[in-house]
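One-letter residues, chain by chain:
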Amino acid sequence: MNATDRTPADLLRSALAADPGRPLVTFYDDATGERVELSVATFANWVAKTANLLQGDLAAEPGDRLALLLPAHWQSAVWLLACASVGVVAEIGGDPADADLVVSGPDTLEEARACSGERVALALRPLGGRFPQPPAGFADYAVEVPGQGDRFAPFVPVDADGPGLVVGGEELSYAALVGRAREDAAQRGLGEGARVLSGLGFDSWEGLSAGLYGPLATGGSVVLCRNLDRLAPEALAQRVESERVTHTA
């Protein structure tokens, strides 16, 4: 990857330039049987649409705080990169009452209502499906995002040294995030083409690094597994083989 990349959005642009057709995120939910595979190009398209929604319809600005109340999921990864594209600070599990806007899954809607700003809800249904009945007081992400533009340009350049992510009570700038992801990847022995299977949540830096930022920073990809504890050992071994996994977390 490009050594000059200083934000997650930079990393994604480099990945797109290098090989847009390769897999980037393969997602499994072992409670529902869902499997979704996103190439770099498809993932980047979702990020662009979400960033346009964030900057345009939701009027988010650099430095705004977004409480991200989502599990480890491919759509969570999209939101994290969209925030980095706009310059919005993503607070993993942040307090909605203290946030400028909130993005919630179906299980945290009541908690998310404490946000006085814009509220977005994700049903987390297979293939990014919408809610059967839109939750009152929320924009349904699956309804709002398809019509957004496929290309994104921030109104204001993103400051790589500004705040970018809050996880586990620690705040990281985008540049610090990228630097730490590279260090973690080196310690794990990740390189170009590495394929990481992660069953970790996104509520810790370890989970974010293994399940998104580390592979992104090194030209690798991730097999992101939700509810992995429901998978029998022999089925897990089969997945590791079929997905050509090189590292596990």
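A short tour of the structure in this document, coming up. (Residues numbered from 1 in each chain as written. Predicted model: local features only at pLDDT ≥ 70, side-chain atom pairs only at ≥ 80, totals over all residues. Heavy atoms only, no water.)

### Observations regarding the sheet that holds strand β1 (residues 23-29)
Here is step 1 of the chain: With respect to topology, five strands assemble into an open sheet ordered β2-β1-β11-β10-β12, the strand pairing being mixed. Two strands close off the open sheet at either side, each with one partner strand: β2 (34-39) and β12 (247-248).
Here is step 2 of the chain: Of the pairings in the sheet, the one linking β1 to strand β11 (residues 221-226) comprises five bridges and is parallel in character. Its bridge partner lying in β11, Tyr28 is registered against Cys225.
Here is step 3 of the chain: Along the sheet face, helix α3 (residues 74-86) touches β1, β2 and β11 and points at about 35° away from the line of β2. (Pairing = 2+ DSSP bridges. Helix = DSSP H or I, 4+ residues; strand = E, 2+ residues; numbered from the N terminus. Contact = heavy atoms within 4.5 Å. Axes fitted to C-alpha atoms, helices over the stretch in contact; angles between N-to-C directions.)

### What to know about helix α7 (residues 205-218)
Here is step 1 of the chain: With 14 residues, α7 extends just 17 Å between its outermost C-alpha atoms, more than 12% less than the 20 Å of an ideal straight helix rising 1.5 Å per residue.
Here is step 2 of the chain: Within α7, the axis deviates most sharply at Gly211, by approximately 40°, and proline Pro215 lies no more than four positions further along.
Here is step 3 of the chain: Burial within α7 is extensive, with 13 of its 14 residues counted as buried.
Here is step 4 of the chain: Where α7 ends, the next residue or the one after it, Gly219, has phi of about 80°, a positive value. (Expected span 1.5 Å × (residues − 1). Bend = angle between axes of the 7 residues up to and from the residue. Buried < 20%, exposed > 50% of the residue type's maximum accessible area, 1.4 Å probe, protein only.)

### Focus on unusual backbone geometry
Here is step 1 of the chain: Of note in the backbone geometry, Leu124 takes a positive phi value of approximately 55° without being a glycine.
Here is step 2 of the chain: Its location among the elements puts Leu124 in the loop between β6 (118-121) and β7 (139-140).

### Looking at the sheet that holds strand β9 (residues 170-173)
Here is step 1 of the chain: Spatially, β7-β6-β5-β3-β4-β8-β9 is the arrangement adopted by the seven strands of the open sheet, whose pairing is mixed. One side of each edge strand has no neighbouring strand; the edge strands of this open sheet are β7 and β9.
Here is step 2 of the chain: The sheet contact formed by strand β8 (residues 163-167) and β9 spans four bridges and is antiparallel. In the sheet register, Val166 faces β9, and the bridge partner there is Glu171.
Here is step 3 of the chain: The strands touched by α3 are β3 (65-69), β4 (89-92), β5 (101-104), β6 and β8; relative to β3, the strand with the most contacts, the crossing angle is about 170°.
Here is step 4 of the chain: Here helix α6 (residues 174-188) sits on the sheet in contact with β4, β8 and β9, set at roughly 95° to β9.

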